[in-house]
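# Understanding the architecture of this molecule
The lines below spell out each chain.
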Amino acid sequence: METSVACLPFPSSSSPSDSVSATMRQKLATSLLSIGVFVLLAASFSFHVSRDFLPDDALNSATLTQPIDRLMNHAVHELPASLRRLQSPLPMDSVLLPDWQVLLLLPLNSSSAAAGGAKLFCLFHTGATSPALPAGPSSFRCSLPNSVRRVRPFYTPRLSGATSAAAPSRGQEDPSREMIRWSTRLTYESLSTAHDVIVFAKRVNHRQGIGRPAAGLRCVFSPVSGGGPVAWTLATSSAQEVFRCPHPPAADLSSAVHMRVSLATEPEAAPIPTVASYRTPLVPETDSKASPGRERVCACTMVYNVAKFLPEWVAYHAGVGVGRFFLYDNGSEDELGAAVSRLGSEGFNVTTRYWPWPKTQEAGFSHCAAANRDACEWMAFLDVDEFVFSPAWADSDRPDRSMMGSLLAVEPEVGQVSIRCLEFGPSGHRAHPRLGVTQGYTCRRRKEQRHKSVVRLDAVAHSLVNSVHHFRLREGFRTRWAATGQARVNHYKYQAWEEFKAKFRRRVSTYVADWKETANLGSRDRAPGLGSEPIEPRGWAAMFCDVNDTLVRDATHKWFSAAGPGGAHRMVWQ
């Protein structure tokens, strides 16, 4: 059937008026067609541009009115048999992290280890794929392909065992399947204690030390399968990214197997988006110091690509009395898992928790303090380039597990011991020292810089507020400052340039500017005079060298070295 009068032949016997009429009809049809095409293009352009300029909260507001089971995709048919159990009514969450990284969170009680070595991919709605790498016990990580970055909105990819899977065609995507952006408000973790649930949410409290009052905030509990909230409880604490609420009555949750918890910031407001699972309360904690298996001293740290440094840090601190180590893995891409496994086989007690959330070190330390209150009496919150040392230990022929405890022989009202840091420079090295940081870096700045703390966990304030360097304490407890002659933290901060420049990737603290930003250039967190670009300054290897300090090098050489082949010394962590 012919669709345009412009295609109709003129009659051979037509009059001039008929010819004019036909010409006008032809022009009219062409004009109408052009207008229609223009309207469609304008509508499409307006839709996509508006998405780019709308606030992130508005972009995600649609998910609040949708059943949670429609927010995410399910695994596709191409999954190998070892992963088919993941194709359940439970949804998969996805979060778009900085640097175009996509985090896929599997349903509760699923395990990425079930892949059995199968090669998996993130399959995007455009048909583009990228490798899906295991990221912790129940999640995968993949990069958003360049071709997809230019297409808005960003939809949740499918987890696929083959690259030939058919992607949904354009126009058939479900808008509720958009990825949640890390730049929006988001409830990202929760922890159930015997008495309450601790909820971790971002962009609710925007400034350190200034937060919303707990009054008016609510924890909201909803089934993963959808149907809306089934219970809520009023918040008892609001500080930084940490919120605490009582558990809901068990009767309200009896019909739901898998639950989510989120936060509502106004009485009539919908809860903010969440990927945080809610778990039933743990058994009651005990305050008894004689609890079976409870360690006197533990250590907690947040790590990223530290597999090379970890054995030295663990071996040293275990030698001086740290019984357990808790690592919060901030998205490592090196051989961290292999390093931890090897340490375990050597008798060290090291536990890793996958914590992919960028710039949440304070929240991670709050989680660590609350989660391990029953496992440890004291917790040292350190970085892997920080080593606690007392000059009184220098004359000892071997390390002793009572050494750390001797620093904590304090009055009952002391809730934390804060120890000042000494910052070491590259000490002439242009590459990582073969025997380790304690052996290679021996030149430091003269002035003490900042501090770190060993915290008594039952003295930590209910709010769990911390500045990374120390915690707020409950009423009745106080902080004791250790004199430098009694204890110090050797901070091997300014290492050989190839190691140091990794600090430009991203700072882990919520309230510290990334070094690539031009904000707060005078911060003590930064290297003095370095600027905002990872460009090696002239003479870097000799910088930050005011005092030649071999105290820790000499002690650790006695304690941890052994003769190797040909008489060469090697350290136990090599």
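Parameters at a glance
- Counting from 1, residues in each chain are numbered in the order their sequence is written.
- It should be noted that, the model being predicted, local features are given only for residues of pLDDT at least 70 and side-chain atom pairs only at 80 or more, the latter also being counted only at that level, while totals for whole chains, interfaces and linings use all residues.
- Side-chain measures were taken over the full set of non-hydrogen atoms in the model, leaving aside hydrogen atoms and water.
- By definition, any uninterrupted DSSP run of H or I lasting at least four residues is a helix, any uninterrupted run of E lasting at least two residues is a strand, and each is numbered from the N terminus.
- Only protein chains enter the accessibility calculation, which uses a 1.4 Å probe; a residue whose area is less than 20% of its type maximum is buried, one above 50% is exposed, and one in between is partly exposed.
- Residues count as neighbours in contact if any of their non-hydrogen atoms are within 4.5 Å of one another.
- Where accessible areas are quoted, they stem from the Shrake-Rupley method and a 1.4 Å probe; at the residue level, only the protein chains shown are allowed to cover.
- Remark: nonpolar core denotes a set of buried residues (Ala, Val, Leu, Ile, Met, Phe, Trp, Tyr, Cys) joined through side-chain atoms within 4.5 Å.
- We call two strands paired when DSSP finds no fewer than two bridges between them.
- Structural elements are reduced to axes, namely lines fitted to C-alpha atoms, with helices fitted over the stretch in contact, and the angle between N-to-C directions of any two is expressed from 0 to 180 degrees.
- Per-residue confidence from the predictor is given as pLDDT, running between 0 and 100.
- Salt bridge, as used here: a side-chain nitrogen of Lys or Arg that lies within 4 Å of a carboxyl oxygen of Asp or Glu.
- Note on handedness: a crossover is taken as right-handed if, strands pointing away from the viewer, the path from the first strand over the helix to the second is clockwise.
- Side-chain rings of Phe, Tyr and Trp, where Trp is taken by its six-membered ring, are said to pair if the distance between their centres is within 6.5 Å; with planes under 30 degrees apart they count as stacked, over 60 as edge-to-face, and otherwise as tilted.

## Topic: the overall build of the protein chain
Within the protein chain, the secondary structure is distributed over 10 helices and 29 strands. Looking at the protein chain as a whole, 51% of its 574 residues are labelled buried. Across the protein chain, contacts joining residues at least 24 apart in sequence account for 71% of those joining residues at least 6 apart. Carbon and sulfur atoms provide 54% of the accessible area of the protein chain, an area that totals close to 26,600 Å².

## Re the nonpolar core
Taken as a class, soluble globular proteins show a tendency for nonpolar side chains to be buried jointly. By size, the foremost hydrophobic cluster in this structure holds 52 residues, and its most contacted members are Leu310, Trp313, Trp393, Met404 and Trp559. A per-element tally of this core places helix 4 (residues 310-319) first, with 6 residues. In this view, Trp393 contacts Tyr316, Val320, Val388, Met403, Met404, Ser406, Leu407 and Trp559; residues no more than four positions away in its chain are not counted. Of all hydrophobic cores here, the second largest spans 37 residues; its members include Ala135, Tyr354, Ala363 and Leu457.

## What about the sheet that holds strand 9 (residues 186-192)?
Read across the open sheet, the 4 strands follow the order 9-10-14-13; overall the sheet is antiparallel. The open sheet has two edge strands with one neighbour each: strand 9 and strand 13 (237-239). When the angles between neighbouring strand axes are averaged without regard to direction, this sheet yields 20°. Sheet topology note: the strand 13/strand 14 (residues 242-246) ladder contains 3 bridges and is antiparallel. Paired with Ser238 across the two strands is Phe243, which belongs to strand 14. Strands in contact with helix 6 (residues 361-371) are strand 9, strand 10 (196-202) and strand 14; relative to strand 9, the strand with the most contacts, it is inclined by about 15°.

## Observations regarding the sheet that holds strand 1 (residues 93-97)
Taken in spatial order, the 5 strands make up an open sheet running 5-6-2-1-8, and their pairing is mixed. The sheet terminates laterally at strand 5 (133-134) and strand 8 (180-181), the two strands that pair on one side only. Where strand 1 lies against strand 8, 2 bridges are found, and the strand directions are parallel. Across the sheet, residue Leu96 finds its bridge partner in strand 8, namely Arg181.

## Comments concerning the confidence of the model for the protein chain
Taken residue by residue, the protein chain gives an average pLDDT of 80. The fraction at 70 or more is 71%. Confidence drops under pLDDT 50 across residues 43-90; counting only partners more than four residues distant or on other chains, this segment forms 100 contacts.

## Things to note about the pattern of salt bridges
This structure, assessed with the given rule, holds 19 salt bridges. Among the salt bridges present, the one from Glu266 reaches Arg212, with a minimum N-O distance of 3.5 Å. In this pair, Glu266 is assigned in the loop between strand 15 (259-264) and strand 16 (277-278) and Arg212 in the loop between strand 10 and strand 11 (218-223), connecting sequence segments 54 residues apart. The exposure class of Arg212 is partly exposed, given its relative accessible area of 27%. The salt bridge involving Arg445 is made with Glu423; its shortest N-O contact spans 2.9 Å. On the criterion of sequence distance, the pair formed by Arg445 in the loop between strand 23 (443-444) and strand 24 (451-456) and Glu423 in strand 22 (residues 414-423) is long-range, its members being 22 residues apart. What makes Arg445 buried here is its relative accessible area of 19%.

## Observations regarding the environment of Phe140
One can find Phe140 in strand 6 (residues 139-143). Phe140 sits 35 residues away from Leu105 along the chain, and the two C-alpha atoms are 6.6 Å apart.

## Focus: unusual backbone geometry
Between Arg152 and the following residue, Pro153, the backbone shows a cis peptide bond with an omega angle of 0°. Structurally, Pro153 can be placed in the loop between helix 3 (146-149) and strand 7 (158-160).

## Section: the pairing of strand 17 (residues 295-303)
Along any regular strand the residues' side chains alternate between the sheet's two faces. For strand 17, a buried count of 7 out of 9 residues is recorded, marking the element as mostly surrounded by other parts of the structure. In this sheet, strand 20 (residues 376-381) lies alongside strand 17 in parallel orientation, the contact comprising 5 bridges. What sits directly across from Ala299, in strand 20, is Ala380. As paired elements, strand 17 and strand 18 (residues 324-329) share 6 bridges and run parallel to each other. Residue pairing for strand 18: Thr301 is matched across the bridge by Leu327. Taken together, strand 17, helix 4 and strand 18 form a β-α-β motif whose crossover is right-handed.

## Re the packing of aromatic side chains
With the rule as written, the count across this model stands at 29 aromatic pairs. With a centroid separation of 6.2 Å and 85° between ring planes, the pair formed by Tyr188 and Trp355 is classed as edge-to-face. On the criterion of sequence distance, the pair formed by Tyr188 in strand 9 and Trp355 in the loop between strand 19 (350-354) and helix 6 is long-range, its members being 167 residues apart. For the pair shown, Tyr188 and Trp355 are each scored as buried. Pairing Tyr494 with Phe544 gives two aromatic rings, centres 3.9 Å apart and planes at 15°, and the pair type is stacked. Here Tyr494 is found in the loop between strand 26 (488-491) and helix 9 (497-500), whereas its partner Phe544 is found in the loop between helix 9 and strand 27 (547-548), with 50 residues between them in sequence. An identical accessibility class is assigned to Tyr494 and Phe544; each is buried. In textbook terms, an aromatic cluster arises when at least three aromatic residues are bridged by ring pairs, as seen for Tyr316, Phe387, Phe389, Trp393, Phe424, Tyr441, Tyr492, Trp559, Phe560 and Trp573.

## Focus on the environment of Glu241
If you trace the backbone, Glu241 turns up in the loop between strand 13 and strand 14. A relative accessible area of 8% places Glu241 in the buried class. A C-alpha to C-alpha distance of 9.9 Å links Glu241 and Tyr188, two positions 53 residues apart in sequence.

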